[in-house]
Amino acid sequence: MRLRFALAVCGMVLLLGCQAASSGSRPSAPAGGAPAASTPSPAAGSPAAAPTAPSLQRITVAYVAPSESFAIPWIAYEAGLFAKHGLDANLTLLTGSPRLVQSLVAGDFEFGLAGVTAIMRARLQGADTAILAATSDHSTQRLMVNPQANIQRVQDLRGKLVGVSQYGSEADTFIRIVLSRAGIPADEVQILQMGGHPQTAAALASGNLDAGVLAGAPARAAEQAGAVRLQGQQELQVLAPEGTLATTRRYIEREPDVVRRFMRAYVEAVHLLKTDRAQSIEIMRKYMADLSPEEVGYLYDQVRDMKPVPAPSDEAIQAVLDRESDPQARAMQPADFTALQFLRELEASGFVDALYR
């Protein structure tokens, strides 16, 4: 049983590694868009060639995990929606929310999808991160246990090794909430940072971890291979924005039109996901380590009910603030962490209503 579990999950991890390597080298033209046509030189005496179309605005979008919560930019890219709104998007996988947020703040890319805790902590520490959207108001993290670890309930985690992607990530926050609700001090559990969900899954499969916090494709693959889901979203209903999209305030000030066009493509991609199951699953499979249609369909069903206007609620952001120990959190409001004016503009203009007619 242990060998089958290890081989299955390690196979998944290798696939995820290949996906990570390829995601940053996707062609600049979206797969769903028309190829650029070369412009021949006009023949002598012929009318001058028509002026070429304006070039697309180059942007980079980083996402932290191959999770269904981060599928909207994949859909916008593959369906040609970024190109439709004048954007040449490069998608890249960068594991570890704290690491991704640090790179976003440093200006390494324009948009990032990462755990809300890391985004908000950066803001608390003086960075200019701004949340643009979120796919849900509840965490989708799952606590998976090795079938050989003899863990039947949360109380059995005392003295055990539990893996998370990074300290300060959504996985790390999730396990600490689980422990707190069970009355278990965090120092009675050995929480180790593994670098990312694929690494956590690999260590869980090899027996180097007793439990791990996973989401998205790694969680589903581990579950299919024999790992046991001990606690998760349905049981805990941890209030926190999920699938969080962010940029920086200085980028908004410098390129408001680019952000506006990005959000139009993003909202159109939400509509496509909600209304075209087959195409959405086909696209998601490209980014989820070649999981079967049935497996991706299971994950798709976890997110298809997202709001047409994917704005995080003030209550969800406040819940994250209330869990922070930083005294600065007491002096801040949910609006200090968001830039939702672009979504509100789309809603007020009738753009969203028109999509669903």
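Cut-offs used in this document
Residues numbered from 1 in each chain as written. Predicted model: local features only at pLDDT ≥ 70, side-chain atom pairs only at ≥ 80, totals over all residues. Heavy atoms only, no water. Pairing = 2+ DSSP bridges. Helix = DSSP H or I, 4+ residues; strand = E, 2+ residues; numbered from the N terminus. Axes fitted to C-alpha atoms, helices over the stretch in contact; angles between N-to-C directions. Contact = heavy atoms within 4.5 Å. Core = buried A, V, L, I, M, F, W, Y, C linked by side-chain atoms within 4.5 Å. Buried < 20%, exposed > 50% of the residue type's maximum accessible area, 1.4 Å probe, protein only. Phe/Tyr/Trp six-rings, centres within 6.5 Å; stacked < 30°, edge-to-face > 60°. Expected span 1.5 Å × (residues − 1). 1 Å grid on protein atoms, 1.4 Å probe; cavity = no way out; pocket = protein on both sides within 12 Å on 5 of 7 lines; lining within 4 Å. Points joined across faces, edges and corners; volume = space filled by probe spheres on them. Nonpolar A, V, L, I, M, F, W, Y, C, P; charged D, E, K, R; others polar.

### Examining the sheet that holds strand E1 (residues 57-63)
- Taken together, 5 strands build an open sheet; the order of strands is E2-E1-E3-E12-E4 and the sheet is mixed. This sheet does not close on itself; its edge strands, each paired only once, are strand E2 (87-93) and strand E4 (129-133). This sheet shows a mean twist of 30° between the axes of neighbouring strands, independent of strand direction.
- The sheet contact formed by E1 and strand E3 (residues 111-114) spans 3 bridges and is parallel. Across the sheet, residue Tyr63 finds its bridge partner in E3, namely Leu113.
- Contacting E3, E4 and strand E12 (244-248), helix H5 (residues 116-124) runs over the sheet at an angle of about 145° to E4.
- Against the sheet, helix H11 (residues 256-275) makes contact with E1, E2, E3, E4 and E12, and its axis sits at roughly 60° relative to E1, the strand it touches most.

### Here's the deal with the nonpolar core
- Core analysis: the largest hydrophobic core is formed by 81 residues, its most contacted members being Phe262 and Met263.
- Here the element with the most residues in this core is H11; it accounts for 11 residues.
- Those residues in contact with Phe262 that sit more than four places away from it in its chain are Ile59, Val61, Phe82, Leu87, Phe111 and Leu245.
- In this structure, Leu143, Leu157, Val162 and Leu230 belong to the second largest nonpolar core, which totals 21 residues.

### Notes on the environment of Val189
- By secondary structure assignment, the location of Val189 is in the loop between helix H6 (170-181) and strand E8 (190-193).
- A C-alpha to C-alpha distance of 10.0 Å links Val189 and Ile175, two positions 14 residues apart in sequence.
- With residues up to four places along the chain from it excluded, the contact list for Val189 reads Leu157, Arg158, Gly159, Lys160, Val162, Leu179 and Ile184.

### Looking at the packing of aromatic side chains
- The full count for this structure, using the stated rule, is 7 aromatic pairs.
- Summarising the aromatic geometry, the rings of Tyr63 and Tyr287 are spaced 6.5 Å apart at their centres and angled 70° between planes, so their arrangement reads as edge-to-face. One end of the pair, Tyr63, is in strand E1; the other, Tyr287, is in helix H12 (residues 277-287), and 224 residues separate them in sequence. Summarising the burial analysis for this pair, Tyr63 and Tyr287 share the class buried.
- Between Phe111 and Phe262 the ring centres are 3.9 Å apart and the planes differ by 10°, which places this aromatic pair in the stacked class.

### Looking at H11
- Taking 1.5 Å of rise per residue, the 20 residues of H11 would be expected to cover 28 Å, and the 29 Å separating its terminal C-alpha atoms lies within 8% of that figure.
- Where burial is concerned, most of H11 is hidden: 14 out of the 20 residues are buried.

### A look at empty space enclosed by the protein
- Taken as a whole and assessed by the stated rule, the structure comprises 2 cavities of 30 Å³ or more.
- Looking at the largest cavity, its volume works out to about 190 Å³.
- Looking at the largest cavity, it is lined by 24 residues, and the ones nearest its centre are Val64, Phe70, Ser97, Gln141 and His197.
- For the lining of the largest cavity, the secondary-structure elements that each account for two or more residues are H6, helix H7 (197-206) and strand E11 (239-242).
- A breakdown of the residues in the lining of the largest cavity according to their chemical character gives 10 nonpolar, 12 polar and 2 charged.
- For the second largest cavity, the calculated volume is near 40 Å³.
- As for the second largest cavity, its lining consists of Ser139, Glu170, Thr173, Phe174, Ile177, Val238, Ala240 and Arg323.
- The leading source of residues in the lining of the second largest cavity is H6, at 4 residues.
- Partitioning the lining of the second largest cavity into residue classes produces 4 nonpolar, 2 polar and 2 charged.

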